[in-house]
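Each chain, written out:
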Amino acid sequence: MPFPRSFLSEEQFQCSICLDVFDNPVSTPCGHSFCMTCIGRYWEGAKLCQCPLCKESFRKKPPLHINRTLREITEQFKRMSGGEGACGGQGKEACSRGEERLTKREEIPGDLITQVRIKIPKNSHRENAPGTVAVMPPPPENSQDATDPSSFTRRVSYRRYTFSGAADAKRVALCAKHQQQLDMFCRTDQQCICVECAEHGHESHSVVSAESHWHESKSQISIREHEIQEMISERLRKVEEIKSSLVDIKMSAERETQGSVRVFSTLMASIERSQAELLEVIEMNRCSAEHQAEGMIRELEQEVLELKKRSSTLGNLLHADDYVKCLKSYYSAVSSPPPIKDWSEVSVTSDLGTRRVYQSVCQLLERFQEELQRLPEVGIQNHMESSLMKIQPSIQNHMESSLMKFHPKQKRIQDYAADITLDPNTAHPRLILSEDRKRVKCGDRHQPLPDNPERFDRVVCVLGREGFDSGRHYWEVEVGGKTDWDVGVARRSVNRKGKITVNPSNGYWFLSLRDKSNYAFRTEPSTSLSVSLRPQKVGVFVDYEKGQVSFYNVEAKVHIYTFQDTFSETIHPFFSPCTNKSGKNEAPLIVTPVPLD
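Since we're looking at a predicted model, the values are computed, not measured.

J.: Break down the state of the cysteines for me, with residues and values.
T.: If you walk through the whole model with that rule in mind, you get 0 disulfides. Cys18 carries a free sulfur, and the closest cysteine sulfur to it, the one in Cys38, is 3.6 Å from it. Under the relative-accessibility criterion, Cys18 is labelled partly exposed at 35%. Left unpaired, Cys30 is separated from the closest cysteine sulfur, that of Cys51, by 3.5 Å. Since its relative accessible area comes to 22%, Cys30 is described here as partly exposed.

J.: Run through the sheet that holds strand S8 (residues 191–193), naming residues and quoting values.
T.: Across the sheet, which stays open at both edges, the 3 strands sit in the order S8-S7-S9 with antiparallel pairing between neighbours. This sheet does not close on itself; its edge strands, each paired only once, are S8 and strand S9 (207–209). Across this sheet, the average inter-strand angle for adjacent strands is 35°, counted without regard to direction. Summarising the sheet, strand S7 (residues 184–186) and S9 pair through 3 bridges and their orientation is antiparallel. From the neighbouring strand, Cys186 faces S9, where its bridge partner is Val207.

J.: Give a description of the confidence of the model for the protein that names residues and reports values.
T.: Overall, the predicted model of the protein reaches an average pLDDT of 75, with 72% of residues at or above 70. Within the model, the stretch residues 1–6 combines pLDDT values under 50 with 16 contacts to residues more than four positions away or in other chains. Counting contacts from residues 377–410, a segment whose pLDDT is below 50, to residues more than four positions away or on other chains yields 54 contacts.

J.: Tell me about the pattern of salt bridges, and name the residues and values.
T.: Inspection of every chain in the model, using the stated rule, returns 11 salt bridges. The closest approach of N and O atoms between Asp451 and Lys497, which form a salt bridge, is 2.7 Å. With Asp451 in the loop between strand S11 (439–442) and strand S12 (462–463) and Lys497 in the loop between strand S14 (485–491) and strand S15 (508–514), this residue pair connects regions lying 46 residues apart in the sequence. In this structure, Arg491 engages Glu569 in a salt bridge whose closest nitrogen and oxygen atoms are separated by 3.8 Å. Taken together, the positions of Arg491 in strand S14 and Glu569 in the loop between strand S20 (558–564) and strand S21 (571–576) put the pair 78 residues apart, joining distant regions of the chain. Through salt bridges with shared partners, one network takes in Asp484, Asp515 and Lys581.

J.: Mind laying out the nonpolar core, listing which residues take part and the relevant values?
T.: Grouped together as the largest cluster of nonpolar side chains are 35 residues, with contacts concentrated most on Trp475, Trp485 and Phe575. Other than its neighbours up to four places away in sequence, Phe575 contacts Ile420, Leu422, Cys461, Val462, Gly464, Trp475, Val477, Asp486, Leu589 and Val591. Listed in part, the 25 residues of the second largest apolar core include Cys186, Cys192, Tyr323 and Cys326.

J.: Summarise the packing of aromatic side chains; cite the residues concerned and give the values.
T.: Within this structure, the stated rule accounts for 13 aromatic pairs. Between Trp509 and Phe567, the aromatic rings sit 5.1 Å apart at their centres with planes inclined by 85°, giving edge-to-face as the arrangement. Separated by 58 residues along the polypeptide, Trp509 in strand S15 and Phe567 in the loop between S20 and S21 bring together distant segments of the chain. Taking the relative accessible area as the measure of exposure, Trp509 reaches 1% and is therefore buried. When the centroid spacing of 4.8 Å and the interplanar angle of 15° are considered together, the rings of Phe521 and Phe563 count as stacked. Of this pair, Phe521 sits in strand S16 (residues 518–521) while Phe563 sits in strand S20, and the two are 42 residues apart along the sequence. By relative accessible area, Phe521 is classed as buried at 0%.

J.: Can you tell me about a negative patch on the surface, naming the residues and giving the values?
T.: Together, Glu230, Glu234, Asp342 and Glu345 line one region of the surface with negative charge. Judged by relative accessible area, Asp342 falls into the exposed class, the value being 55%.

J.: So what's going on with the pairing of S20? Which residues, and what values?
T.: With 6 of 7 residues buried, S20 is to be regarded as a mostly interior element. If you look at the hairpin formed by strand S19 (residues 548–553) and S20, you'll find 4 residues sitting between the two strands, and Lys557 has a positive phi there, around 55°.

J.: Now, about the layout of surface pockets: what can you tell me, with residues and values included?
T.: Space inside the largest pocket adds up to approximately 1000 Å³. As for the largest pocket, its lining consists of 28 residues, of which Glu283, Arg286, Leu529, Ser530 and Ile560 are closest to the centre. Going through the elements one at a time, helix H6 (210–264), helix H7 (272–318), strand S17 (527–529) and S20 are the ones with two or more residues in the lining of the largest pocket. By residue class, the composition of the lining of the largest pocket is 13 nonpolar, 9 polar and 6 charged.

J.: Can you lay out unusual backbone geometry for me, pointing to particular residues and giving the numbers?
T.: Within the chain, Lys516 stands out as a residue other than glycine whose phi angle is a positive 70°. Along the chain, Lys516 falls in the loop between S15 and S16. We note that Lys557 has phi near 55°; this positive angle belongs to a residue other than glycine. Examined against the element boundaries, Lys557 turns out to sit in the loop between S19 and S20. On the accessibility criterion, Lys557 (39% relative accessible area) is partly exposed.

J.: I'd like to hear about the environment of Gly315, residue by residue, with values.
T.: Its location among the elements puts Gly315 in helix H7. Its relative accessible area of 17% is what places Gly315 among the buried residues.

J.: Got a sec to walk through the sheet that holds strand S13 (residues 472–478)? Specific residues and values, please.
T.: Strand order in the open sheet formed by 7 strands is S10-S11-S22-S13-S18-S19-S20, with antiparallel pairing between adjacent strands. Edge positions in the sheet fall to strand S10 (431–433) and S20, since each of these pairs with one other strand and no more. The mean inter-strand angle of the sheet, taken between neighbouring strand axes irrespective of direction, is 20°. Relative to strand S22 (residues 589–592), S13 runs antiparallel, the two being bridged by 3 bridges. Within the sheet, the bridge partner assigned to Glu476 lies in S22 and is Thr592.

Conventions we followed
Residues numbered from 1 in each chain as written. Predicted model: local features only at pLDDT ≥ 70, side-chain atom pairs only at ≥ 80, totals over all residues. Heavy atoms only, no water. Disulfide = S-S within 2.5 Å. Buried < 20%, exposed > 50% of the residue type's maximum accessible area, 1.4 Å probe, protein only. Pairing = 2+ DSSP bridges. Helix = DSSP H or I, 4+ residues; strand = E, 2+ residues; numbered from the N terminus. Axes fitted to C-alpha atoms, helices over the stretch in contact; angles between N-to-C directions. pLDDT = per-residue confidence, 0-100. Contact = heavy atoms within 4.5 Å. Salt bridge = Lys/Arg side-chain N within 4 Å of Asp/Glu carboxyl O. Core = buried A, V, L, I, M, F, W, Y, C linked by side-chain atoms within 4.5 Å. Phe/Tyr/Trp six-rings, centres within 6.5 Å; stacked < 30°, edge-to-face > 60°. Patch = residues over 30% accessible without salt bridge, like charges linked within 9 Å, V, L, I, M, F, W, Y side chains within 5 Å. Areas by Shrake-Rupley, 256 points an atom, 1.4 Å probe, with all protein chains shown as cover. Lys, Arg positive; Asp, Glu negative; His and termini not counted. Charge placed at Lys NZ, Arg CZ, Asp CG, Glu CD. 1 Å grid on protein atoms, 1.4 Å probe; cavity = no way out; pocket = protein on both sides within 12 Å on 5 of 7 lines; lining within 4 Å. Points joined across faces, edges and corners; volume = space filled by probe spheres on them. Nonpolar A, V, L, I, M, F, W, Y, C, P; charged D, E, K, R; others polar.

Here it is, written out as structure tokens:
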């Protein structure tokens, strides 16, 4: 019951849960007040305790203590109002008499006004802020207005504020221009507006109720969310399809490599070079296919992630109640369709295009064997050389017409042999070099060597004295008997002091062996290699202009790996025998002569 000329009313002493005057009021940590029984029942059985007004959450149920000051104020208010609702059940006459008594400011207890001022802090609300109470600072106690409630609130507020919090718990968005609720939606401008805006400024626009428009938009959101889920499922299926193709590619590459070794091992030394080149192209095609497939997977996964974000946003909007905020979020962020790429025609084939090459080689081999059987013993060597000269161009023609675009070189890689020696000025102090600078192994302790700028001081490695800034170069390193080693090339300008990250971006390209069987190329992260035949001697071939570093099993004549990059400065051979592991890895790395026959 509101009282004349008083800023107090029965609603201000009501619990926002039971909507009755407080009974044993308690305050939550966020500052709102409720009946002890009401808030206890509200939180009973709840997993997460929240304030019914501001929705602030508490990790565990906070201890509640009776707000004695508010209880005393409430009790005094009950006594003032007769203790029974608006008129206390005594009829209109008694109610009128109560009102007449309350109009006299001297009959309002002064301690009640003082306690209310203590309860509501002086600066709890900013002056003239939309939707808040404007509270005047309390006058001095000796002032004539000290007990005048009308002098306590003199400004008109948009929201009534009670002891338990805002009278309207749900915060309503207001028009910044007219301070009215945004009840309308302008379809023309795609924004929420108030009734005043609709009448002045949007007369010719298509304006509807914001709530009804939100309900219409919900169906569109549901359809859009379903479409996105379908797109996610489609892309996940495509990811699985590409991953399955990757497995087929790897298996196919292994089968092709084994078949190539069987076929070319029967040919004469004059076509051994073709075998190595074919394997190199297979490996490059496999790497290219894997790189392409991995790029597709990354792109698909990125699209899936983006679609999941949109789906989550749309799902949250479907369950939200604040339609004004949801409409703003929907039309500003997710109403437009996501960029869509058609993946239906995208696939990765496991065919490396070598079948026609194998068929041609087998036919040529059969013809060659038949020709050998018809040859007489006299002059067989000359006829063999002539037949080989006829076969070799035919093989080259078939390879050139294959899908791999194979271009055989004019020379064997052995023809690019380089005489490599080790540079003692770059060797780590624990490394022991032979007098001819062809062998290197790791000792047990550091040697007293000068700490010159080009010496490695932490990684047990050494560079070759010879540097290359153009052309093609080949050398062979004996690695048999070792459990760990690194062989390859490095830039002249690499960092040689302290901890070094050995990968191509830092100027290192080399093949590694760890624990007798783990072969890898040092990329970031490392590229693990499956090597069926453990090499006793490793051949290293560098094509500077093409930016290629290739590794071969010399005895088995099998290509191991080729790395493609761009060289911009002089590179040197790189050797690391690794630590000796208490004698288990004490065998040296040996730079051996390359046979030219």
